[in-house]
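# Fold and geometry: a report
Each chain, written out:
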Amino acid sequence: MRETRQYGCASDQKIPQMPESQGVISGTVFLIILFLFIPVPFLGCFMGEQCRSFPHNEFVQLIGALLAICCMIFLGFADDVLNLRWRHKLLLPTMASLPLLMVYFTNFGNTVIVVPKPFRALLGMHLDLGILYYAYMGMLAVFCTNAINILAGINGIESGQALFISGSIIIFNVLELNGDYRDDHVFSLYFMIPFFFTTLALFYHNWYPSSVFVGDTFCYFAGMTFAVVGILGHFSKTMLLFFIPQVVNFIYSLPQLFHIVPCPRHRLPRLQADTGKLGMSYSKFKQKDLGKLGQLVLKVAEALWLLEVRRGQEGDDEFIECNNMTLINLVLKILGPIQERNLTAIMLLIQVLGSAIAFGIRYHLVRLFYDV
Amino acid sequence: MSPIPILPLVINCCMSALGCLATLKLIPAFKEHFISARLYGLDMNKTTKKQVPESQGVISGTVFLIILFLFIPVPFLGCFMGEQCRSFPHNEFVQLIGALLAICCMIFLGFADDVLNLRWRHKLLLPTMASLPLLMVYFTNFGNTVIVVPKPFRALLGMHLDLGILYYAYMGMLAVFCTNAINILAGINGIESGQALFISGSIIIFNVLELNGDYRDDHVFSLYFMIPFFFTTLALFYHNWYPSSVFVGDTFCYFAGMTFAVVGILGHFSKTMLLFFIPQVVNFIYSLPQLFHIVPCPRHRLPRLQADTGKLGMSYSKFKQKDLGKLGQLVLKVAEALWLLEVRRGQEGDDEFIECNNMTLINLVLKILGPIQERNLTAIMLLIQVLGSAIAFGIRYHLVRLFYDV
């Protein structure tokens, strides 16, 4: 990858150049596995006469899902190579979702949802979301890709979180194989199993100390694969439950993402040269650059012990320094500086904890919202 | 048989026209991104050392994909609005999605090749991998591997012949051939995009002529892909024409080759499609000795700029006499005798040297017509492409009677 500068320099590593965008390799292997797998679920229809009529719906679903994922890997790789702007990070997953939406439209077209119990007095038992359902599906891919992308910055976290999320989805699918929607979960397993194993190989090289970086390509690839199985497997709400750490990180990051609080180029933790541990990274800005809303956010977050704020003076200007609002920084705030490998391990433990909570909500608290 | 779907075709044309405008605007807009990413080339036949953005096929390819993604439900609208179809045509839907999957994968792998500079053996592997979904869809949709035997061979093989797995091998190699055939007829401004433009135009004309025939649906399917391809390539051609402000990259050759292979295979007219590739086939056969290194092959075989006249002349391959095997010596002798090759022999020091022109169709044209200015040379090559298409139509509609019953 030398010629087109596809490498990164980790600020915490001594190695100057490391290959970037390695998600393109695991993604390509994933595609090849599934291309070769395409006829396998339908072999029964060709060999014995085990099916009454060819299940076109399922076949179209498989091909359509692959089209969305293939397109996403392509656009993700193009983003890594060409360094596209932030607004493109919202456009690209939307474009790659189009075939998914079109396949959903022609295959099911179902936009009616079951209303959760607390809202039934207001909205009735069922609600036809119409075009809003498609908007939700379109945004699901955008959310999943970017949610993984912003929980990043320490060796092994991107591939690690995706590995654990896909593992959770696999466990969920296996548990549901005895349920009413077996086919949906079998479909999901067809994608999650290859994803898990190709990501496992990537994780091996990406784990501390990273010999490769996964690139935005991987975040796009992972996010779209999750969105695809969630949408076509009809379990997108459960899938989002496995994203609890990502959602927490996203909400905590909102003030910086919308520039209510100034947001630097990189928000990853900083290496403390003397201890070799990672500590919080900070965003430094002038008092007068902070709007009223930003001041409010800072006050509230500081009061809730969610933010460390330092105020100081340099020359004529008053300066404010606050820690970058990411989940990783929050962990460092609570636990103090930690060595990078341990920090990633803790973040992955949080991911497992989030999945455990997700299973708890899905199988127990769910009675509060739906009849099961 | 169903009537000609006028409305979807009109919608397709409108979307393609918009796609043409979008590509026209997007190519200059992303110039800086490509140059910053070090995806640029230097025009070897110009005296200026300006950086020319490379791989612009990725832009026309992406616009093509977006047009077709948005177009996916259009041929089937009749089934959702009025009740104009008895049952949903799943076969056609799967075909559409499967074709898009193969093309999308090919654009991706082609772009990866441009970025990562993969080796020659990868140029054979990548189209094969991208063809897999096409083969799988064909297997599950039709599975038909029986061909009608051409008349001269019927005494030997019978009326029909089941090729079995060989049919799939043929389909797999079709994409490999089309992509690389376009890729090696290259080197002068505008030739890659130009040849693809004229081939797709010929296919469109063929499809329109066949709309009144027995296989209307196959040709409508082909038009759904060829029309957006034509218009996005037109925009690319506008920027790639002499003097090139952008280069199309291997991405475009992969994209074009796969799109042609897809319509040829799923439209069941791959033999006719190959007829439109006559100049590419001639170039390929003429290049074979160098491609197999029977005759030594340099890194670049494009024509060379003659600094004094500003015209392009033949490029040469220079090598020692002793590096040439017996087969190579034979090839050189035969080609020279047929006036197809210019060979110079000389001596430098202790070694005997041989210099022969690189065996490409472009060099052959320069051999026959002498040095030509680059713009005119590309125009002549495109004229050859049109001539090839005319011959193709002649073979398809007249000479065909020698081989098949029509």
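Cut-off values and rules
Residues numbered from 1 in each chain as written. Chains lettered and ligands numbered in written order. Predicted model: local features only at pLDDT ≥ 70, side-chain atom pairs only at ≥ 80, totals over all residues. Heavy atoms only, no water. Helix = DSSP H or I, 4+ residues; strand = E, 2+ residues; numbered from the N terminus. Rg over C-alpha atoms; globule rule 2.2 N^0.38 Å. Buried < 20%, exposed > 50% of the residue type's maximum accessible area, 1.4 Å probe, protein only. Contact = heavy atoms within 4.5 Å. Areas by Shrake-Rupley, 256 points an atom, 1.4 Å probe, with all protein chains shown as cover. Pairing = 2+ DSSP bridges. Axes fitted to C-alpha atoms, helices over the stretch in contact; angles between N-to-C directions. Buried area = accessible area lost by both parts, 1.4 Å probe. Salt bridge = Lys/Arg side-chain N within 4 Å of Asp/Glu carboxyl O. Expected span 1.5 Å × (residues − 1). Parallel < 35°, antiparallel > 145°, perpendicular 65-115°, else oblique. Left-handed = near helix turned anticlockwise from the far one by under 90°. Nonpolar A, V, L, I, M, F, W, Y, C, P; charged D, E, K, R; others polar. UniProt positions renumbered as here; feature names shortened; annotations may be inferred.

What follows deals with the overall build of chain A. When its secondary structure is counted, chain A shows 14 helices and nine strands. Against the globule reference of 21 Å for 372 residues, chain A gives a C-alpha radius of gyration of 22 Å, in line with a compact fold. Its C-alpha atoms give chain A principal-axis dimensions of about 80 × 60 × 35 Å. A total of 372 residues make up chain A; the buried ones form 53% of that total. Restricting to contacts in chain A with at least 6 residues of sequence separation, those with at least 24 account for 72%. Taken as a whole, chain A presents about 17200 Å² of accessible surface, with 63% of it coming from carbon and sulfur.

Let's shift gears to the sheet that holds strand S7 (residues 316–320) of chain B. Residue and element names in this part refer to chain B. Pairing is antiparallel across the open sheet formed by three strands, whose spatial order is S7-S9-S8. Pairing within the sheet leaves two strands with one partner each, and these edge strands are S7 and strand S8 (343–348). Neighbour to neighbour, the strand axes of the sheet diverge by 20 degrees on average, direction disregarded. Sheet analysis places S8 next to strand S9 (residues 351–357), joined by six bridges and oriented antiparallel. Counterpart to Val343 in the pairing with S9 is Cys356.

In this section: the interface of chain B and chain A. Counting from both sides, the interface comprises 43 residues of chain B and, opposite them, 45 residues of chain A. For the chain B and chain A pair, buried surface summed over both sides reaches about 4000 Å², with 83% attributable to carbon and sulfur atoms. Three residues stand out in chain B for area buried against chain A, namely B:Phe69, B:Leu101 and B:Phe108, and they jointly supply 16% of the buried area on that side. One can count zero salt bridges joining chain B with chain A. Contributing elements (two or more residues each) for the side of chain B that touches chain A: helix H2 (31–36), helix H3 (57–71), helix H5 (90–116) and helix H6 (120–141) of chain B. If you tally residues by element for the side of chain B that touches chain A, the top one is H5(B), at 17 residues.

With 15 residues, helix H1 (residues 23–37) of chain A ought to run about 21 Å at 1.5 Å a step, and its terminal C-alpha atoms sit 21 Å apart, in line with that. For H1(A), the set of buried residues is A:Gly23, A:Val24, A:Ser26, A:Gly27, A:Thr28, A:Phe30, A:Leu31, A:Leu34 and A:Phe35. Along its buried surface, H1(A) packs onto helix H3 (56–82), helix H8 (182–206) and helix H9 (215–232) of chain A together with H5 and H6 of chain B.

This brings us to the pattern of salt bridges. Residues and elements named next belong to chain B. Summed over all chains, the structure comprises 14 salt bridges over all chains. The partner of Lys123 in a salt bridge is Asp113, with the nearest N and O atoms 2.8 Å apart. Linking Lys123 in helix H6 with Asp113 in helix H5, this pair joins segments that are 10 residues apart in sequence. Between Asp250 and Lys123 there is a salt bridge, with the nearest N and O atoms lying 3.0 Å from each other. Of the two residues, Asp250 sits in helix H11 (residues 249–266) while Lys123 sits in helix H6, which places them 127 residues apart along the sequence. Both residues of the pair, Asp250 and Lys123, count as buried.

For the rest of this paragraph, the subject is the side chain of B:Thr251. Residue and element names in this part refer to chain B. Among the structural elements, Thr251 can be located in helix H11. Relative accessible area serves as the criterion here: at 0%, Thr251 is assigned to the buried category. Other than its neighbours up to four places away in sequence, Thr251 contacts Ser55, Gly57, Val58, Ile107, Gly110, Phe111 and Asp114.

Moving on, we come to the packing of H5(B) against H11(B). Residues and elements named next belong to chain B. It is at 8 Å that the axes of H5 and H11 come closest, and there the two elements cross at 160 degrees. Between H5 and H11, the angle is such that the two are roughly antiparallel. The crossing of H5 and H11 is right-handed. Contacts between H5 and H11 involve Gln95, Ala99, Ala102, Ile103, Met106, Ile107, Gly110, Phe111, Asp113 and Asp114 from the first element and Gly249, Asp250, Thr251, Tyr254, Phe255, Met258, Thr259, Val262 and Leu266 from the second. Among the residues making up the contact of H5 with H11, the classes are represented as 11 nonpolar, five polar and three charged.

Another aspect to go through is the UniProt feature "domain: DPAGT1 insertion" (unreviewed entry) in chain B. The sites that carry the UniProt feature "domain: DPAGT1 insertion" (unreviewed entry) are, in the present numbering, residues 316–358 of chain B. With 28% helix and 42% strand, the stretch residues 316–358 of chain B has end C-alpha atoms that lie 5 Å from each other.

So, about unusual backbone geometry. All names here are of chain A. Cis geometry marks the peptide bond from Tyr208 to Pro209, where omega comes out at -10 degrees. As for its position among the elements, Pro209 is in the loop between H8 and H9. With a phi angle near 60 degrees, His234 is a residue other than glycine that sits in the positive phi range. Mapped onto the secondary structure, His234 falls in the loop between H9 and helix H10 (236–241).

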